[in-house]
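Here are the chains, one letter per residue:
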Amino acid sequence: MSTKKEALVVANFKMNFNMRYELQHWFANFIKAKKGIRLDSTRLILCPPFIHLSSFIKKIRSKQISFGAQDCFWEQKGAFTGEISPTMIRSFGGKYVIAGHSERRRYKGETNKIINYKVTAALKAGLQPILCIGENAREKKHDMLFSVITKQFKECLYDVGRSRIKDIIICYEPVWAISANKPDHLPTTDEIMEAKLLIKKLLIQEYEGPVSEHVRIIYGGSVVSKNVSEVCIDAGMDGVLVGGASLLPHEFVKIAQTIDL
Ligand code: PGA
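Here is what the cut-offs are and how they apply
- Residues numbered from 1 in each chain as written.
- Predicted model: local features only at pLDDT ≥ 70, side-chain atom pairs only at ≥ 80, totals over all residues.
- Heavy atoms only, no water.
- Helix = DSSP H or I, 4+ residues; strand = E, 2+ residues; numbered from the N terminus.
- Rg over C-alpha atoms; globule rule 2.2 N^0.38 Å.
- Buried < 20%, exposed > 50% of the residue type's maximum accessible area, 1.4 Å probe, protein only.
- Areas by Shrake-Rupley, 256 points an atom, 1.4 Å probe, with all protein chains shown as cover.
- Axes fitted to C-alpha atoms, helices over the stretch in contact; angles between N-to-C directions.
- Parallel < 35°, antiparallel > 145°, perpendicular 65-115°, else oblique.
- Left-handed = near helix turned anticlockwise from the far one by under 90°.
- Contact = heavy atoms within 4.5 Å.
- Nonpolar A, V, L, I, M, F, W, Y, C, P; charged D, E, K, R; others polar.
- Pairing = 2+ DSSP bridges.
- Salt bridge = Lys/Arg side-chain N within 4 Å of Asp/Glu carboxyl O.
- Expected span 1.5 Å × (residues − 1).
- Polar contact = N/O pair within 3.5 Å; in protein donor to acceptor, adjacent residues only side chain to side chain.
- Core = buried A, V, L, I, M, F, W, Y, C linked by side-chain atoms within 4.5 Å.

For the chain, the helix and strand inventory stands at ten helices and eight strands. A globule of 261 residues ought to have a C-alpha radius of gyration of about 18 Å, and the chain, at 17 Å, matches this closely. Taken along the three principal axes of its C-alpha coordinates, the chain extends 45 × 45 × 35 Å. When burial is assessed residue by residue, the chain has 53% of its 261 residues classed as buried. With the model as given, the accessible surface of the chain reaches about 13,100 Å², and the carbon-plus-sulfur share is 55%.

Okay, here's the thing in structure tokens:
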């Protein structure tokens, strides 16, 4: 077992696996792709749509694999038709939850305040939030990286105290770089490193001392096996959030293997 900090490779399957056979196909190919592959210092976190969480947990068993959800509500129980609570996710086997993904900001109108409620509720239920922050195309054009990240960081993590911050995973995900937004290029290694340093600085400012050392900072946006060295390893990131490529089991496993080396 290596002594380096465990890297994270998170699969955000988004709203896919519409048909049962698609799910079975993914499972069969993933099990084939993963066979004989040992990951020493990398954890896979699979975040399927809610409806498939139990199937994933039943079908895939490995010490190196954990499960999560793509969203949660900010209350734990009660008359909130259609919602899924952090407690439900936790008690049905999830350990992580993605919070603040740009697609939820865009299509569901989630604000930093709503995301903050969700982060707080997730922590309360014992989930580790994977908080997505990052600038969109317009903000990038106006050189707003610093102000956007600072605002999202402060507002989404409002009232998250020193004792809980180590349970947060921060994903720097420039919205314009997400594959669904059809980017014509990706951030350079230096740009990703710059965002990481900014997040580190904010952590040190807000939380002081060694606590901030424990927070993992990962990268998301069009990650594939061919670019994972530049966007993750060379940029000193602690892992990746993978959307499109997570639907291709061999590719997804290859990303994890590259990071694990
Ligand atoms: P992508 O998605 O890897 O397809 O760009 C990442 C995400 O939106 O989380």
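The subject of this paragraph is the packing of helix 7 (residues 145–156) against helix 8 (residues 189–207). The geometry of helix 7 relative to helix 8 is characterised by a closest axis approach of 10 Å and an angle of 40° between their N-to-C directions. What the angle tells us is that helix 7 and helix 8 run oblique. Like other packed secondary-structure pairs, helix 7 and helix 8 cross with a definite hand, here right-handed. In contact with Leu145, Phe146, Ile149, Thr150, Phe153 and Lys154 of helix 7, helix 8 contributes Glu194, Ala195, Leu198, Ile199, Leu202, Leu203, Glu206 and Tyr207. Residues belonging to the contact of helix 7 with helix 8 are distributed by class as follows: ten nonpolar, one polar and three charged.

Sheet strands pair by backbone hydrogen bonding; their relative direction is either parallel or antiparallel. Read around the barrel, eight strands follow the order 1-2-3-4-5-6-7-8 and close on themselves; strand pairing throughout is parallel. Between one strand and the next, the sheet's axes are offset by a mean angle of 25°, whatever the strand orientation. Here four bridges tie strand 1 (residues 7–12) to strand 8 (residues 239–242), and the two strands are oriented parallel to one another. Bridge pairing links Val9 to Val240 in strand 8. Of the strands in this sheet, strand 4 (96–99) and strand 5 (128–133) touch helix 5 (residues 112–124), which is tilted by about 160° from strand 5.

Counting across every chain of the model gives twelve salt bridges. A salt bridge links Lys118 to Glu110; its shortest N-O distance comes to 2.6 Å. Each member of the pair Lys118 and Glu110 is classed as buried. Among the charged side chains, a network of salt bridges with common partners joins Asp71, Arg104, Glu110 and Lys118.

The end-to-end C-alpha distance of helix 5, which contains 13 residues, comes to 18 Å, matching closely the 18 Å that a straight helix rising 1.5 Å per residue would cover. Taken together, the buried positions of helix 5 are occupied by Asn112, Ile115, Asn116, Lys118, Val119, Ala121, Ala122 and Leu123. Against the buried residues of helix 5 lie helix 3 (86–91), strand 4, helix 4 (102–108), strand 5 and helix 7. After helix 5 finishes, the residue Gly126 shows a positive phi value of roughly 90°.

We now examine the side chain of Glu110. Relative to the helices and strands, Glu110 resides in the loop between helix 4 and helix 5. Within the local environment of Glu110, its side chain forms a polar contact with the side chain of Arg104, the two groups lying 2.7 Å apart. Engagement of the side chain of Glu110 in a polar contact is seen with the side chain of Lys118, the distance being 2.6 Å. Residues in contact with Glu110, not counting those within four places in the same chain, are Asp71, Gly100, Arg104, Arg105, Ile115 and Lys118.

Running from amino to carboxyl end, helix 5 crosses helix 7 at an angle of 45°, the nearest separation of the two axes being 8 Å. In terms of orientation, helix 5 lies oblique with respect to helix 7. Residues Asn112, Ile115, Asn116 and Val119 of helix 5 form the contact with helix 7, whose own contacting residues are Lys151, Gln152, Glu155 and Cys156. Among the residues forming the contact of helix 5 with helix 7, the class breakdown is three nonpolar, three polar and two charged.

In this section: the nonpolar core. By size, the foremost hydrophobic cluster in this structure holds 67 residues, and its most contacted members are Leu46, Phe56 and Leu157. Here the element with the most residues in this core is helix 8; it accounts for seven residues.

In this structure, Asp159 takes a positive phi of about 70° despite not being glycine. Relative to the assigned elements, Asp159 resides in the loop between helix 7 and strand 6 (169–172). Positioned with a positive phi, Ser222 is a non-glycine residue whose angle comes to about 60°. Look at Ser222 and you get buried, because its relative accessible area is 19%.

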